[in-house]
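Observations on chain architecture
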Amino acid sequence: MDKITAAMADMLEDELLALTDKYLADGKDPKAILDAYQAGMTEVGKRYEAGEYFVSELILAGEMMTAGSDKIKPFLKGDSSSGPAKARVLIATVEGDIHDIGKNIAGTIMELAGYEVKNLGEDVKTSVIIEEVKNFKPKLIGLSGLLTLAYDPMKAVVDQLKEAGLRDSVKVLLGGSQIDEHILKYVGADVFANDAMTNVTYLNSLV
Ligand code: B12
């Protein structure tokens, strides 16, 4: 899996996708392949911070991650549980933030686990999320954001849920690699996830 991580970090798209095809054909664990992609993304982020990579590399890294996860997703389907949808989940990347790759992966994994997922997309206005909570009546809202700037819009969602008298009707999860206990407390949400699986465990405990 280190080869996947290195190819992602070094922006070797052809090599990355060829390795992905090979590992999937060899029957390697698709979640482990996805984790290796994410480790490569973490390295891309570090190189960007160090001034070694620029936004153009972030864009290419995003495209590589999307292309790779599109290949991996059908193999994750083997884990799917059958039967009726367990509960409704609303997911969105909050206002001002357009990072949506991790949220989309998390959405797919929740669908595979049997949940009915409505994905509102990225840079979603707080008012739209509140309206959808009223209409769609989810058990959980997954708010995603990778920018520091995303924390205030996340807090706005929780505050407006309270104002609308909806806070007790729904659990709020924060998703994103930088989210921790401090941000959870600041936002006033219920739980956070730095990966795409934690939420499934949490959801299973709710239903
Ligand atoms: C790819 C990328 C981009 C792409 C995004 C493409 C897309 N469609 O998403 C593009 C090029 C557009 C981009 C733009 C920018 N980016 Co950018 N980007 C990244 C990068 C390299 C990877 C993000 C990623 O996709 N990771 C892979 C996925 C799978 O991981 P993930 O998102 O963390 O998701 C996992 C978990 O967090 C969790 N999760 C996430 N969401 C959810 C939701 C739910 C419901 C659940 C359960 C779980 C969950 O599960 C996921 C799967 O395990 C990160 C660095 C990094 N390593 O995080 C920087 C990073 C996030 N970007 C950064 C910056 C600064 C920017 C820009 C401001 C750059 C600029 N100057 O223009 C713009 C912002 C635009 C905006 N308004 O949002 C900074 C943020 C710094 C900060 N603290 O604010 C980072 C951290 C880079 C850095 N180290 O400086 N970026």
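Residues numbered from 1 in each chain as written. Predicted model: local features only at pLDDT ≥ 70, side-chain atom pairs only at ≥ 80, totals over all residues.

**Here's the deal with the overall build of the chain**
Summing up its helical and strand segments, the chain has nine helices and five strands in all. Starting at the N terminus and walking to the C terminus, you meet the elements of the chain as α-α-α-α-β-α-β-α-β-α-β-α-β-α. A compact globule built from 207 residues should have a C-alpha radius of gyration of about 17 Å, and the chain, at 17 Å, falls within 12% of that. In the chain, which comprises 207 residues, the share counted as buried stands at 37%. Contacts in the chain between residues far apart in sequence, at least 24 positions, make up 74% of those at least 6 positions apart. (Helix = DSSP H or I, 4+ residues; strand = E, 2+ residues; numbered from the N terminus. Rg over C-alpha atoms; globule rule 2.2 N^0.38 Å. Buried ≥ 20, exposed ≤ 12 C-beta atoms within 10 Å, placed from the backbone. Contact = placed C-beta atoms within 7 Å.)

**Description of the site of the ligand**
Around the ligand, a shell composed of 39 residues is seen, among which G45, G62, G102, G142 and G175 lie nearest. Of all the secondary-structure elements, those providing two or more residues to the shell around the ligand are α3 (30-49), α4 (55-76), α5 (101-112), β3 (140-144) and β4 (171-175). At seven residues, the largest contribution of residues to the shell around the ligand is made by α3. Of the residues contributing to the shell around the ligand, the split by class is 18 nonpolar, 16 polar and five charged. Residue contributions to the shell around the ligand reach at least three from each of two domains, namely domain 1 (2-79) and domain 2 (88-206). (Near = placed C-beta within 6 Å. Nonpolar A, V, L, I, M, F, W, Y, C, P; charged D, E, K, R; others polar. Domains from an automatic or database assignment.)

**A word on unusual backbone geometry**
The phi angle at M11 is positive, at roughly 65°, despite the residue not being glycine. Among the structural elements, M11 can be located in the loop between α1 (2-9) and α2 (13-25). With a phi angle near 50°, D123 is a residue other than glycine that sits in the positive phi range. Of note, D123 is situated in the loop between β2 (116-119) and α6 (126-136). Residue classification places D123 among the partly exposed positions, given that 15 C-beta atoms sit within 10 Å.

**Some words on the pairing of β3**
Across a regular strand the side chains alternate sides, sitting on one face of the sheet and then on the other. Counting buried positions over the five residues of β3 gives five, a clear majority of the element. Burial along β3 is two-sided: L140, G142 and S144 and I141 and L143, pointing in opposite directions, are all buried. The pairing of β3 with β4 spans five bridges and is parallel. Bridge pairing in β4 links G142 to L173. The parallel pair β3 and β4, bridged by helix α7 (residues 151-163), forms a crossover whose chirality is right-handed. (Pairing = 2+ DSSP bridges. Right-handed = clockwise from strand over helix to strand, strands pointing away.)

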